[in-house]
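Examining the three-dimensional arrangement
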Amino acid sequence: MMALQESNTNESILSNTQQNYSDPSDTVNFGRFMMKKINVSKSQHDLIQMIEQENWEKVEEMCESHRSCAKVPVRDEKTNMTALPIHFACRKNPNEQAIISLLKANPKGAGSKIKKTEEYPLHIACRYEASYDVIALLTMNYSEAVNVRNVRGQLPLDYVRKSGNKEAVQFLKDLMG
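Residues numbered from 1 in each chain as written. Predicted model: local features only at pLDDT ≥ 70, side-chain atom pairs only at ≥ 80, totals over all residues. Heavy atoms only, no water.

**Examining the confidence of the model for the protein chain**
- Per-residue pLDDT for the protein chain has a mean of 82; in total, 77% of the residues score no lower than 70.
- Mean pLDDT in the protein chain bottoms out at helix α1 (residues 10-20), which sits at 34, and peaks at helix α5 (residues 96-105), which reaches 98.
- Considering only residues more than four positions removed or in separate chains, one finds that residues 1-30, a stretch of pLDDT under 50, has 68 contacts.
- Contacts for the low-pLDDT stretch residues 32-39, under 50 throughout, to residues beyond four places or in other chains number 45 contacts. (pLDDT = per-residue confidence, 0-100. Helix = DSSP H or I, 4+ residues; strand = E, 2+ residues; numbered from the N terminus. Contact = heavy atoms within 4.5 Å.)

Have a look at this one:
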C-alpha cells in the first residue's frame with residue numbers, strides 16, 4: 001500500500017485517500033472515523049474529536065500548534081465520506097475564527113473537493129446554514145466554488161436560499177455575476 005503523499009491539490013489527496021482506504025487492515029478506527037495507520041497521530045484524532053464536539057476554541061488551538069492535522073483526510077464511517085477536517089467542521093456550524101484557523105493550517109482547504117459528492121467546504125457550510133461570515137470567508141479563499149454544482153446538481157446558493165439567509169443569498173448572487 002502506498003503511503004499518502006502531499007500533492008499540489010487537496011482534491012488529489014482526497015482522491016488518493018479514498019483509494020487507499022480499500023484495505024481495512026491499513027486503517028485505525030477512532031469512533032466513527034477512520035485514518036490511515038501511517039498518518040495517525042494523537043493530535044489528528046484530537047482535532048476530529050474537537051470538531052465533533054464543536055469545541056471551536058480547542059480547534060483553533062490545535063490548528064495553531066499542530067498545523068499538519070488540518071491537511072490529513074479522514075473517512076467518516078457513518079457516511080463513508082473521506083474529507084478534510086474543514087469539511088467536517090462546516091457540517092457543525094463553526095464560528096469564523098475556527099474556519100480561519102483551519103485555513104491557516106491548510107491554506108488549500110477551501111479549494112478541496114470531496115470526490116464522492118463533488119462538494120467544496122462552501123457547499124457544506126451553506127447546506128448546514130453557516131453564518132454569513134463563514135460563507136464569506138470560504139468564498140474569499142476559493143471563489144470558484146460558488147459556481148460549482150455538486151452531484152445533486154446544487155449550487156451553494158441553492159442551499160443558502162433554503163436557509164433564508166438573505167445577506168448570504170445576495171452575496172453569492174453578486175459573486176455569480
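Moving on from the coordinates now.
**Observations concerning helix α3 (residues 56-65)**
- Looking at α3, one finds that the buried residues are Trp56, Val59, Glu60, Met62 and Cys63. Along the long axis of α3, the arc covered by the buried residues comes to 165°, so they all point the same way. Turned more than 90 degrees away from the buried face of α3, the exposed residues are Glu57, Glu64 and Ser65.
- Lining the buried residues of α3 we find α2 (42-52), α4 (85-90) and α5. (Buried < 20%, exposed > 50% of the residue type's maximum accessible area, 1.4 Å probe, protein only. Arc of directions from axis to C-beta.)

**Focus on the pattern of salt bridges**
- Summed over the entire model, instances satisfying the criterion amount to nine salt bridges.
- Between Glu52 and Arg91 there is a salt bridge, and its shortest N-O distance comes to 3.7 Å. Linking Glu52 in helix α2 with Arg91 in the loop between α4 and α5, this pair joins segments that are 39 residues apart in sequence.
- Note that Glu52 is salt-bridged to Lys92, the shortest N-O span being 3.7 Å. Note that Glu52 is positioned in helix α2 and Lys92 in the loop between α4 and α5, a separation of 40 residues in sequence.
- Here the salt bridges do not stand alone but share partners, grouping Glu52, Asp76, Arg91 and Lys92 into one network. (Salt bridge = Lys/Arg side-chain N within 4 Å of Asp/Glu carboxyl O.)

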